[in-house]
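Listed below, chain by chain, are the residues.
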2 protein chains.
Amino acid sequence: MDQIDEKILELLGANGRMTSSEIGKHVHLSVPAVSERIRKLEEAQIIDKFTVRVNREQIGLHLLAFIMVQLEKPEHVAGFREMIAQTPSVRECHHIAGSYDYLLKVALKNTSELELLISEQIKRVEGVAKTNTMIVLSTMKEEM
Amino acid sequence: MDQIDEKILELLGANGRMTSSEIGKHVHLSVPAVSERIRKLEEAQIIDKFTVRVNREQIGLHLLAFIMVQLEKPEHVAGFREMIAQTPSVRECHHIAGSYDYLLKVALKNTSELELLISEQIKRVEGVAKTNTMIVLSTMKEEM
DNA sequence: GCTGAAAGACCGGGCCG
DNA sequence: CGGCCCGGTCTTTCAGC
């Protein structure tokens, strides 16, 4: 994991389909050398996976929000996690330290869907004591 | 944008390097037909870009946190945005509705770096009235 | 959206510093 | 051991239908 690997990660981050020969021109290495480095980055799980970034706006998901959730007791965690796993509109779920226990990032069509998500999905889970929703007005930066 | 396109997006989301012939087997289409659909998804900006997902843990970024920031007045926004744009440890920055104005997602090596980020970078910006940091203990789900 | 041919990319073995 | 060169194979691309 030297500067060349970092450069390769940067190039692939910008364009995951960039060919090894194209990358080679940037880092002054031959095609097999670049392929080998990419293979090792995958093997070391530094590259988790190749993927596509989908523009949420273009597929009708105009509403992004963060929801903080407080659970009453540890025994309610399993049911909550089950609901999260089965709800595709929940894009991220982090267990956090602080006055709330979980922070969710959700992507939805509109506020009606948000209302349904909160009242029919999240608050229906046993043990959900409190939620606090922050609606995203605009996003300046969004990387992984 | 029909069911086949949705299926292609799903397959590429799981593996951005999946070949057109492989995708074709899943959606029962020929290679050129798949390529054409992918090209059109890119053209319509439904596919924002092909990229790689880097495992933060593997590159030493063991600490993930969300920081809520309150700005005093609108005239301080420009300086704040400038700082965000120039700080790579800030992975996301959303303008939000609620008692705070911005929500940041940051990835760092350790708590020392977090301390520096908050005290030397964020609080140094003129107009930053208040911040509230939520440390991520674990992540159950993280998609785009 | 399918077919077929050409260009280019990838993968293996062998070699060199 | 890491990188380069050179085969064969697979993939992509483009034309024509």
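Quick notes on the rules
- Residues numbered from 1 in each chain as written.
- Chains lettered and ligands numbered in written order.
- Predicted model: local features only at pLDDT ≥ 70, side-chain atom pairs only at ≥ 80, totals over all residues.
- Heavy atoms only, no water.
- Helix = DSSP H or I, 4+ residues; strand = E, 2+ residues; numbered from the N terminus.
- Polar contact = N/O pair within 3.5 Å; in protein donor to acceptor, adjacent residues only side chain to side chain.
- Contact = heavy atoms within 4.5 Å.
- Near = heavy atom within 4 Å.
- Nonpolar A, V, L, I, M, F, W, Y, C, P; charged D, E, K, R; others polar.
- Buried area = accessible area lost by both parts, 1.4 Å probe.
- Salt bridge = Lys/Arg side-chain N within 4 Å of Asp/Glu carboxyl O.

Caption draft 1: The arrangement of the side chain of B:Arg91 in detail. In this fold, B:Arg91 is placed in strand S3 (residues 90-96). Separated by 3.5 Å, the side chain of B:Arg91 and the backbone oxygen of A:Met144 make a polar contact. In contact with B:Arg91, not counting residues within four places along its chain, are A:Lys141, A:Glu142, A:Glu143, A:Met144, B:Arg56, B:Leu61, B:Lys105, B:Val106 and B:Ala107.

Caption draft 2: Looking closely at the protein's contact with DNA strand C. A:Ser20, A:Ser21, B:Leu29, B:Ser30, B:Pro32, B:Ala33 and B:Arg37 make up every residue found near DNA strand C. B:Ser30 is positioned such that a nitrogen or oxygen atom in its side chain is 2.5 Å from a phosphate oxygen of DNA strand C. Within the contact set of DNA strand C, a phosphate oxygen lies 2.9 Å away from a side-chain nitrogen or oxygen of B:Arg37. Those elements giving two or more residues to the surface near DNA strand C turn out to be helix H2 (20-27) of chain A together with helix H3 (31-43) of chain B. Among the elements that make up the surface near DNA strand C, the one with the highest residue count is H3(B) (3 residues). Classifying every residue of the surface near DNA strand C gives 3 nonpolar, 3 polar and 1 charged.

Caption draft 3: Representation of unusual backbone geometry. Backbone geometry at A:Gln45 places phi at a positive 60°, although glycine is not the residue there. Relative to the helices and strands, A:Gln45 is located in the loop between helix H3 (31-43) and strand S1 (47-54). The backbone of B:His28 sits at a positive phi, close to 60°, despite the residue not being glycine. With respect to the secondary-structure elements, B:His28 resides in the loop between helix H2 (20-27) and H3.

Caption draft 4: Structural context of the interface of chain A and chain B. In this complex, chain A contributes 55 residues to the contact, which on the side of chain B involves 55 residues. Counting the surface lost from both chain A and chain B, the interface buries some 5,400 Å², and carbon and sulfur atoms represent 57% of this. At the boundary of chain A and chain B, one finds 4 salt bridges. Of the charged contacts in the structure, one is a salt bridge between B:Lys105 and A:Glu92, with a shortest N-O distance of 2.8 Å. Counting across the interface, chain A meets chain B through 36 residue pairs in polar contact (both at pLDDT 80 or more). Elements with a contribution of two residues or more to the side of chain A that touches chain B: helix H1 (3-14), S1, strand S2 (63-71), helix H4 (77-85), strand S3 (90-96), strand S4 (102-108) and strand S5 (128-142) of chain A. The element contributing the most residues to the side of chain A that touches chain B is S5(A), with 9 residues.

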